[in-house]
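# Architecture and fold: a report
Next come the chains, spelled out residue by residue.
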Amino acid sequence: MNFKKMKPQINAPSRASGGRIHVCQRAYVSMHHGGHNADERRFIKNEDAVSIALGFILMFSITVLVFSAIVLSFDTLSQQSKKSAMQGSFEIMGSGLAVRITTMDTLVNISNSYGGRVNTLEYDFSIPASIANEGYSVNITNNQVIIESDNGAKAWVPFNTSTNITQATIYSSAQDYKFIYNGTANAIEIGRQ
Amino acid sequence: MEIIENEKAQFMLLAGFIIAIGLVITTALLNNIIFQGNMAGEAGSDPLKYDVVNMMQITADEMKSAYRNANGTSDSLKIANFSRQMQNFNGNLSKIYALRGGGINVVNDTSNWNNYRYANFTNNGMANGAANWTVIESVNNATIVVNISTITPPFNISITNSTKTWQINFTSPGNSIVSNSQIKANITSAYNISFVNGANVAGNYSITGNTTYGRTFIRARDYILNATVTFSTSKVRANLTIPVSVPW
């Protein structure tokens, strides 16, 4: 096609112009061929379609969308790490409780091996009110400590004692508890401080 | 006019704004992860059982020592001297544990001694202790002194080596001495000395001699004295009663 021979179809951009497609073709070709005439240069440099408000709205919308996507993805990651962190903390806390129980059991057995008796034995312990901003429950059975929260984080810590354990479930809302040895029942019980 | 109409800085501001938001998000996320990763649960435990076991052992040792050291022309004087040493021990022990943040008190019960309630010939001196038990092994020579206050036969002292057993039967209260020459007449060394049916008898005994390793030994029991130990720390409160065989 020889565009040089074509007569310009418009003198100025017009909304009413029906030759819009033709204009675009010319503009495209002109950019690649160089050598614009005055009308073409004016059209190319015309920035009437550029709106600061529209640009701001577009950029702001895109930014909000991107920001939301990032926050959502980070929140998902954060929830995963939160659950893992809670399970780790539960295991540490459960181990601490199991150590206390077995310590009391050892003391009772040592006293018995001496032929003696345990008149009173109390061992205080405290649990955090929340772990990663979540409450939780501690269920102590005859052979394991089970700690779990509503978001699904759960940990088991097994232990073995010759003394009986009176099963109990305690909650993090009350933080201060104690293990009590009941010599009559030869059992370790859980009570409030 | 050109500088006023130039709008390229919008992109710089926008880029700065996005970077700032990104930094805030990253910081919050990292903080959250680091906080949760380092959040410590209630781990560990104070070495309670070692403290209490040590305390029981040193209390028992001190009571034995105090009994052996208790001199006097009468039992009441001996008991007074015994109690004085135990009070001294209790005071020093309290100071030592106070420095470590704990409280301790030892109360000794000398009623068995005062009322001549002798111990059973069981392993731990209690009526429910092991009735058949070996007092000492690998003996080269020994002298056995037994003073029986109450007895419900059978009860015997069994002296055994790898090939032979000699049993000395006791059927009535009273003092008995089994000399080394008597033992040698029946059993050659090395032998073990055991009590059989020790729960059927109460009294005191003393067995002295040498082992095949060349070491002298004393196995003796007069009474079982009870020591009540009260132990308390910031987290633990314990009250234990332990029977202590004296003098050894």
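Keep in mind it's a predicted model, so treat the numbers as computed, not measured. (Residues numbered from 1 in each chain as written. Chains lettered and ligands numbered in written order. Predicted model: local features only at pLDDT ≥ 70, side-chain atom pairs only at ≥ 80, totals over all residues. Heavy atoms only, no water.)

## Topic: the interface of chain A and chain B
Listed as interface residues are 39 residues of chain A and, on the opposing side, 38 residues of chain B. Across the chain A/chain B interface, buried area totals approximately 3400 Å², and carbon plus sulfur atoms make up 59% of it. It is Leu107, Tyr114 and Tyr123 of chain A that lose the most area in chain A upon contact with chain B, and together they represent 17% of the buried surface on that side. Our enumeration of links across chain A and chain B arrives at two salt bridges. Put simply, Glu122 of chain A and Arg237 of chain B hold a salt bridge, and the shortest N to O gap is 3.0 Å. Connecting chain A to chain B are eight residue pairs in polar contact (both at pLDDT 80 or more). Of all the elements in the fold, those that place two or more residues in the side of chain A that touches chain B are helix H3 (52-113) and strand S1 (117-126) of chain A. Looking at the side of chain A that touches chain B, its residues break down into 20 nonpolar, 13 polar and six charged. Looking at chain direction, S1 of chain A and strand S10 (residues 236-247) of chain B are connected through six bridges and run antiparallel. Each bridged residue has a counterpart across the sheet, and for Leu121 of chain A the counterpart in S10 of chain B is Ala238 of chain B. (Contact = heavy atoms within 4.5 Å. Buried area = accessible area lost by both parts, 1.4 Å probe. Salt bridge = Lys/Arg side-chain N within 4 Å of Asp/Glu carboxyl O. Polar contact = N/O pair within 3.5 Å; in protein donor to acceptor, adjacent residues only side chain to side chain. Helix = DSSP H or I, 4+ residues; strand = E, 2+ residues; numbered from the N terminus. Nonpolar A, V, L, I, M, F, W, Y, C, P; charged D, E, K, R; others polar. Pairing = 2+ DSSP bridges.)

## Concerning the nonpolar core
In terms of nonpolar packing, the biggest core is built from 63 residues, with Leu121, Val138, Ile140 and Phe179 of chain A together with Phe82 of chain B touching the most fellow members. Excluding residues that lie within four positions of it along the chain, Ile140 of chain A makes contacts with Ile101, Val145, Phe159, Ile165, Thr166, Gln167, Ala168, Phe179 and Ile190 of chain A. Membership of the second largest hydrophobic core comes to 25 residues, among which are Ile136, Val146, Ile187 and Tyr205 of chain B. (Core = buried A, V, L, I, M, F, W, Y, C linked by side-chain atoms within 4.5 Å. Buried < 20%, exposed > 50% of the residue type's maximum accessible area, 1.4 Å probe, protein only.)

## Quick look at helix H3 (residues 48-69) of chain B
The terminal C-alpha atoms of H3 of chain B, which comprises 22 residues, lie 31 Å apart, in line with the 32 Å expected from a rise of 1.5 Å per residue. When we look at burial in H3 of chain B, the residues that qualify are Leu48, Asp51, Val52, Met55, Met56, Thr59, Ala60, Met63, Lys64, Ser65, Ala66 and Tyr67 of chain B. (Expected span 1.5 Å × (residues − 1).)

## Comments concerning the environment of Gly198 of chain B
Residues and elements named next belong to chain B. Position of Gly198 relative to the elements: it lies in the loop between strand S7 (191-196) and strand S8 (201-211). It is 7.9 Å that separates the C-alpha atoms of Gly198 and Asn156, two residues lying 42 residues apart in sequence. The contacts of Gly198, once residues within four sequence positions are left out, are Asn120, Phe121, Thr122, Ala131 and Phe155.

## So, a nonpolar patch on the surface
All names here are of chain A. A cluster of nonpolar side chains, Leu54, Leu58, Ile62, Val66 and Ile70, forms an exposed patch at the surface whose accessible area comes to about 420 Å². By the element assignment, Ile70 lies in helix H3. A relative accessible area of 32% places Ile70 in the partly exposed class. (Patch = residues over 30% accessible without salt bridge, like charges linked within 9 Å, V, L, I, M, F, W, Y side chains within 5 Å. Areas by Shrake-Rupley, 256 points an atom, 1.4 Å probe, with all protein chains shown as cover.)

## Some details on the confidence of the model for chain A
Per-residue pLDDT for chain A averages 81, and the proportion of residues at 70 or more is 81%. Confidence drops under a pLDDT of 50 for residues 1-5 of chain A, and excluding neighbours within four residues, the segment shows three contacts in the predicted structure. (pLDDT = per-residue confidence, 0-100.)

## Focus: the packing of aromatic side chains
Residue and element names in this part refer to chain B. Considering all chains together, one arrives at 17 aromatic pairs over all chains under this definition. Summarising the aromatic geometry, the rings of Phe82 and Trp113 are spaced 5.4 Å apart at their centres and angled 80° between planes, so their arrangement reads as edge-to-face. With Phe82 in helix H4 (residues 75-99) and Trp113 in helix H5 (residues 111-114), this residue pair connects regions lying 31 residues apart in the sequence. For the pair Phe82 and Trp113, one class covers both residues: buried. Ring geometry for Phe121 versus Phe195: centroids 5.4 Å apart, planes at 25°, classification stacked. (Phe/Tyr/Trp six-rings, centres within 6.5 Å; stacked < 30°, edge-to-face > 60°.)

## A few points about the pattern of salt bridges
Between side chains of opposite charge, pairing is possible as soon as their charged atoms come close. Under the criterion given, the structure shown has six salt bridges over all chains. In this structure, Lys178 of chain A and Glu122 of chain A form a salt bridge, with 3.7 Å as the shortest nitrogen-oxygen distance. Here Glu122 of chain A lies in strand S1 and Lys178 of chain A lies in strand S7 (residues 176-182), a separation of 56 residues in the sequence. Linking Asp51 of chain B and Arg100 of chain B is a salt bridge whose minimum nitrogen-to-oxygen distance equals 3.3 Å. Linking Asp51 of chain B in helix H3 with Arg100 of chain B in the loop between H4 and strand S1 (103-109), this pair joins segments that are 49 residues apart in sequence. Residue Asp51 of chain B is classed as buried on the basis of its relative accessible area of 14%.

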